[in-house]
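Observations on the three-dimensional arrangement
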Amino acid sequence: MTDPEELRRRTRALLAAHDPAATGRLDFLRARYDAGLAWVHFPHGLGGLDAPRSLQAVVDAELAAAGAPDNDPGRNGIGLGMAAPTILRYGTEEQKKRFLRPLWTGEEVWCQLFSEPGAGSDLAALATRAVRDGDTWVVDGQKVWTSSAHNARWAILIARTDPDVPKHRGITYFVCDMTDPGVEVRPLRQITGEAEFNEVFLTGVRIPDAHRLGGVGEGWKVAQTTLNNERVAIGGQRMPRESGMVGKVAATWRERPELRTHGLHQRLLSGWVGAEVARLTGERLRQQLAAGHPGPEGAGMKLAFARLAQELSGLEVELLGEEGLAYDDWTMRRPETVDFTGREAGYRYLRAKGNSIEGGTSEVLRNIIAERVLGLPAEPRTDKDVPWKELAR
């Protein structure tokens, strides 16, 4: 399936059979998935047509022009951007058929149980244990900074299944039902006042072996697919020129000439150029993705996104002066989505502080870029061949 006109024909046939104005939102999304027009680069029967990823834009344009509903990607970003490609690559046929359709339609929201209080930047040091008991695994541990856990039905989870081998080799990857007994979700209130993140406690949670992704002890390899896609999802989104954070600052600059100074002007120019370079680099990366899987280049995009968001949000607060210190609402709430640009400058400034932590810290990403992209010598690692149980914690 490489013909754009054929994709247009199929999309118009979908619209003719399921008029968006007369079809329920969920029914339309299910029909779109079954027609192979959900993510066209996925295989037949799994929401796709084995088409080039670049042709998704053809389908999306036709549907948008017809006023068709989307699957609210902001609400299930972890599922769409991280769980789905991992399940596609490592899941069994039964797992793909069970999970991908309700994931794409948004019927089932996903979260990510990776980071722990003692294993954030050094994720491979995780201590959550999974012990096999017949055809199930019994999981005990704690995860933290879990976005969407309060809305999620499913989670992608990595846990230690062998403490007697080095830390990277004793990890296994699972799909965890967030409604199972023993799963407790607690909100983490942030500096913004919201609790978009959570901590999750796992106590005697039983996961069927049928919900394991990849082989036992191969969880770190499987997790790399998730992490690479996460960085692309965070830092490689398609955005028009002067959108996002730089668009907010530029609009204030144009509308409020009385706030301008020479120093702020120079910083705005620098930020604008940086944002444009990042936008064009992201476009090039997406073109590369159309021919294969995301690589470590996504780490560079995510690193640039975090730096620019923090620099530009800080510039906006300084530009606004006293107005920039105002804050609209400190009410504790647990949002379903995060809106970086829909609120005032104070929110953007505070929320951007997390950009250099979530999705991999900027320090870790610099190591990835140095070693995997630039080919520089790796940092010495004294714990590389030491069994996990012998590591100091």
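This text goes with the structure placed above it.
This write-up is about the structure you can find in this document. As the structure is a prediction and not an experimental result, all values here were calculated from the model.

**Some words on the overall build of the protein**
- Counting its secondary structure elements, the protein contains eleven helices and eight strands.
- Summarising its shape, the C-alpha atoms of the protein cover approximately 70 × 60 × 45 Å along the three principal directions.
- For the protein, with 393 residues in total, the buried portion stands at 50%.
- For the protein, long-range pairs separated by at least 24 residues make up 71% of all intrachain contacts whose partners lie at least 6 apart in sequence.
- Total accessible area on the protein stands at roughly 18,500 Å², and carbon and sulfur atoms take up 52% of it.
- When the 51 positive and 54 negative side-chain charges of the protein are each reduced to one mean point, those points stand 3 Å apart.

**Concerning unusual backbone geometry**
- Not every positive phi belongs to a glycine, and aspartate 72 is a case in point at roughly 50 degrees.
- With respect to the element layout, aspartate 72 can be found in the loop between α3 (56-65) and α4 (77-90).
- At serine 148, a position not held by glycine, the phi torsion is positive, near 65 degrees.
- Summarising the element assignment, serine 148 is placed in the loop between β3 (136-143) and β4 (154-160).

**Here we look at a nonpolar patch on the surface**
- Together, Val373, Leu374 and Leu376 make up an exposed nonpolar region whose accessible area comes to about 270 Å².
- Position of leucine 374 among the secondary structure elements: in the segment after α11 (362-373).

**Quick look at helix α1 (residues 4-17)**
- In a regular helix each residue adds 1.5 Å, so 14 residues correspond to 20 Å; α1 covers 20 Å between its end C-alpha atoms and thus fits that length.
- Next to the buried residues of α1 lie α2 (25-34) and α3.
- One side-chain oxygen at the N-terminal end of α1 lies 3.1 Å from the backbone nitrogen of glutamate 5; it belongs to aspartate 3.

**Observations regarding the environment of arginine 98**
- Mapping arginine 98 onto the fold places it in helix α5 (residues 93-105).
- Among the residues examined, arginine 98 registers a relative accessible area of 33% and is labelled partly exposed.
- Those residues in contact with arginine 98, other than ones at most four positions away along the chain, are Glu108, Arg153 and Trp154.

**Considerations on the packing of aromatic side chains**
- All told, the structure shown has nine aromatic pairs when counted by the stated rule.
- If you follow arginine 186 out to its NZ or CZ, it ends over the ring of phenylalanine 201, 4.1 Å from the centre.

**Points about the side chain of glutamate 116**
- The topology assignment puts glutamate 116 in the loop between β1 (110-113) and β2 (129-133).
- Under the relative-accessibility criterion, glutamate 116 is labelled buried at 7%.
- The contacts of glutamate 116, once residues within four sequence positions are left out, are Leu126, Ala127, Thr128, Gln142, Lys143 and Val144.

**Description of the nonpolar core**
- By size, the foremost hydrophobic cluster in this structure holds 35 residues, and its most contacted members are Trp39, Leu100, Trp110, Phe114, Ile158 and Tyr173.
- The biggest single contributor to this core is α4, with seven residues.
- Listed in part, the 19 residues of the second largest apolar core include Val109, Ala159, Met178 and Val205.

**With respect to the pairing of β3**
- With five bridges connecting them, β2 and β3 associate as antiparallel partners. Note on β3: the bridge partner recorded for arginine 129 is aspartate 140.
- Between β2 and β3, which follow one another and run antiparallel, lie two residues, and glycine 134 among them has a positive phi close to 70 degrees.
- Relative to strand β7 (residues 197-208), β3 runs antiparallel, the two being bridged by seven bridges. Residue pairing across strands places threonine 136 opposite proline 208, the latter belonging to β7.

Criteria and cut-off values
- Residues numbered from 1 in each chain as written.
- Predicted model: local features only at pLDDT ≥ 70, side-chain atom pairs only at ≥ 80, totals over all residues.
- Heavy atoms only, no water.
- Helix = DSSP H or I, 4+ residues; strand = E, 2+ residues; numbered from the N terminus.
- Buried < 20%, exposed > 50% of the residue type's maximum accessible area, 1.4 Å probe, protein only.
- Contact = heavy atoms within 4.5 Å.
- Areas by Shrake-Rupley, 256 points an atom, 1.4 Å probe, with all protein chains shown as cover.
- Lys, Arg positive; Asp, Glu negative; His and termini not counted.
- Charge placed at Lys NZ, Arg CZ, Asp CG, Glu CD.
- Patch = residues over 30% accessible without salt bridge, like charges linked within 9 Å, V, L, I, M, F, W, Y side chains within 5 Å.
- Salt bridge = Lys/Arg side-chain N within 4 Å of Asp/Glu carboxyl O.
- Expected span 1.5 Å × (residues − 1).
- Polar contact = N/O pair within 3.5 Å; in protein donor to acceptor, adjacent residues only side chain to side chain.
- Phe/Tyr/Trp six-rings, centres within 6.5 Å; stacked < 30°, edge-to-face > 60°.
- Lys NZ or Arg CZ within 6 Å of the ring centre and 35° of its normal.
- Core = buried A, V, L, I, M, F, W, Y, C linked by side-chain atoms within 4.5 Å.
- Pairing = 2+ DSSP bridges.

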